[in-house]
Amino acid sequence: MGDEKWYRNFPNTYVILFFMILLGAVLTWVIPAGEFNRIASPTGRMIIENGTYHSVERNPASLFEVFVAIPKGLQASSQIIFMILLSSGAFGLINSTGALENSIGVLIRKTQKLHISGEKVVFFITCLFSCLGIIIGPEIQIPFTIIAVSIALGLGFDLLTGAGIVIVGGGIGFAMGPINASTVGTSDAICGLPLFSGMLFRTIVWLAATTASALVLALYAKKVKEDPEYSFTKGISTEGLGLHKDLDDYQITKKDKKVLAVFFCLFLCLIIGPTKFHWYLNEMMAVFIIVGIAVAFVSGIKANDAIAIFTKSAGAMFGAALMVGMGRSIQVVMENGHVLDTIVKGISDPLTNFGPYIAAPMMSSVHGLVNFLIPSGSGQAAATMPIMFPVGQLVGMTDQTSILAFQIGDGITNLIYPTLGSLMAMLGIARVPFSKWVKFAVREVAVIYLVTWVFLLIAVKINWGPF
C-alpha cells in the first residue's frame, strides 16, 4: 500500500468538479464583493472600464445555491452540451458503418509498409490538429477524439496518446493561433489595434509551440510503446475502441467511400463555415444532423435503425456533457457572489511593481490563473484586457505584447483546467481519468510555457508594435 501512487487515489471527476463548486461558494463568503463598471466595446461586447472598481453588497452563496448553480451551469452551457450530443450521434452513425475503422486500418498498414514509426505519425497528426485548431474551437473538435484514440490504439499506443492528439494539438492551435477571433480578435477590438495584426510573429510562436507540444506527446508515446507499464492509463478497458481486426483484413469498400465522402464534406463545413460564413455552434449542430441523415442514406441504414444508433451514441456522451455544465457552475457561483472582479483586480495589481521583462511572464501567469475562473477566451478578454492594457503600458510593454501574454496564459492552461468543458468531454470520450491526464499534461504546460515565454521576452526586447 505504501508504494501506491498518489494519483491512483484521485476522486472521480464529478467529485472534483463538485468540490470546486463548493470552493467557489466558500470564496463568496471570504472575498470582498466588488465590481467594475462595464461599457460597450466597438464590437458591442460589454467590457470592464478600467479604474472603476468599487465595492458592492455581499451576496454569499448558501448551500442550496451551490446545487442551484449546477442546473444554471447546464443552462449556460446548453449550446455546447447539445453540440456534444448531436455530434456524438452523427459520429456514432459514421462509426457504425465501419468506414472510419477500415480507412484507419488501411492507413496504419501503409505507414508500416513505408517503415514510418508510430511516434512520427503521432507527431504529424498532432500538428495537423493544431492546424485545425487555428480555424475551429475546441467544442467542435470533440467528436474527433474517437478517431484519434482509434489511431493511437491501432499504432500500439494507449488511450492517453489518443486523447492527447486532439487535446494538445487542437488546443495549442486554438490557443496560439494568429487569427483566433475569441482571444486575438476580441483583444484587438478592445484596444483599437488592426484586426489580427502581428500575424507573422504570432505564426512563428504558434509553430514553435505546436512543435514542442507534439514532440512531448510523441516522446510519451514512444515510452509507452517500449514499455506498456509506463502508460498512465494502464488497466483501463479499451473495449469498443481501436481496431478490431488484423491490419491485413482492412479494405475500403464502395460503401465506405460514400461514407468517407460525407465525412470529408463535414470536414470542409467545419473549416469553411466558421471562416467564410461565420458559423458557430447552432450552424454546426445543424450540419451534424444533416451528416447523420446523409450517412444513413448512403450506407443503406433504415430510418428506425439510424435513429436508434444516433440516440444510443448521443446518450453514451451524457456523462461528458454533464461535466461541461458542472465546470460552468463554478463560474456561476462566483459571478452571483460578485467576487470574480475582486479576484481579477487582486491578482493584476501587483504587476505594476515590476519591469517589462518580469511583468510580461507574470502577466501571462495571471491570465492563466484567471482562466480557471473564466475559461471562455472572449469572456476573459472582456474581463481582463481593459485592465491589462494600461498595466502593460505602465511597465513598458506594447499592447501587442500584452495580447500575446494573454494568449499564452488563457490558452495553455486549457490543457489542465477541469473548468473547460471541452477538455472534460474529450477525456470522457477517451476514458482517460482527469487525474491521470493532469499527471501527463503538466509536462506539456511547463514546456509550452518555457517556449512561449522566450518569444514573449523577444517581443518585449524588440518593442513589438502593431504589425
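We now turn to the structure provided with this report. (Residues numbered from 1 in each chain as written. Predicted model: local features only at pLDDT ≥ 70, side-chain atom pairs only at ≥ 80, totals over all residues. Heavy atoms only, no water.)

### Some remarks on the nonpolar core
Where we set the bar: For this analysis, a nonpolar core means a set of buried residues of the types Ala, Val, Leu, Ile, Met, Phe, Trp, Tyr and Cys, connected via side-chain atoms within 4.5 Å. Exposed residues in this analysis have more than 50% of their type's maximum accessible area, buried residues have under 20%, and partly exposed residues fall in between, with area computed by a 1.4 Å probe over protein chains only. For the purposes of this entry, the term helix denotes a DSSP run of H or I that reaches at least four residues, the term strand denotes a run of E that reaches at least two, and both are numbered from the N terminus. In what follows, residue pairs with any heavy atoms lying within 4.5 Å of each other are defined as contacts.
Membership of the largest hydrophobic core comes to 151 residues, with the highest contact counts inside it found for I147, M176, L404, W437 and F440. The biggest single contributor to this core is helix α20 (residues 434-461), with 12 residues. Each residue touching M176, except ones within four places of it in the same chain, is listed here: R202, V205, W206, A209, L404, Q407, I408 and T452.

### A short note on the packing of aromatic side chains
This is how the line gets drawn: Centres within 6.5 Å are what make two rings of Phe, Tyr or Trp a pair, Trp counting through its six-membered ring; a difference in plane orientation under 30 degrees is then read as stacked, over 60 as edge-to-face, and the rest as tilted.
Scanning all chains against the criterion turns up 17 aromatic pairs. Between F18 and F67, the ring centres sit 5.5 Å apart and the planes meet at 40°, which makes this aromatic pair tilted. A residue pair is termed long-range when its members are at least 10 positions apart, and F18 in helix α1 (residues 13-30) and F67 in helix α2 (residues 63-76) qualify at 49 residues. Ring centres of F91 and F288 lie 6.1 Å apart, and the angle between their planes is 50°; on these two criteria the pair is classed as tilted. Residue F91 is found in helix α3 (residues 78-96), and its partner F288 is found in helix α12 (residues 281-299); the two are separated by 197 residues along the sequence. Look at F91 and you get buried, because its relative accessible area is 2%. Given a relative accessible area of 0%, F288 falls into the buried group. Site record: aromatic cluster; members linked through ring pairs are F91, F129, F144, F263 and F288.

### As for the environment of I301
With respect to the helices and strands, I301 occurs in the loop between α12 and α13 (303-315). When its relative accessible area of 22% is taken as the criterion, I301 is described as partly exposed. Non-local contacts of I301, meaning those with residues more than four positions away in its chain, are made with L93, S96, T97, A296, A306 and I309.

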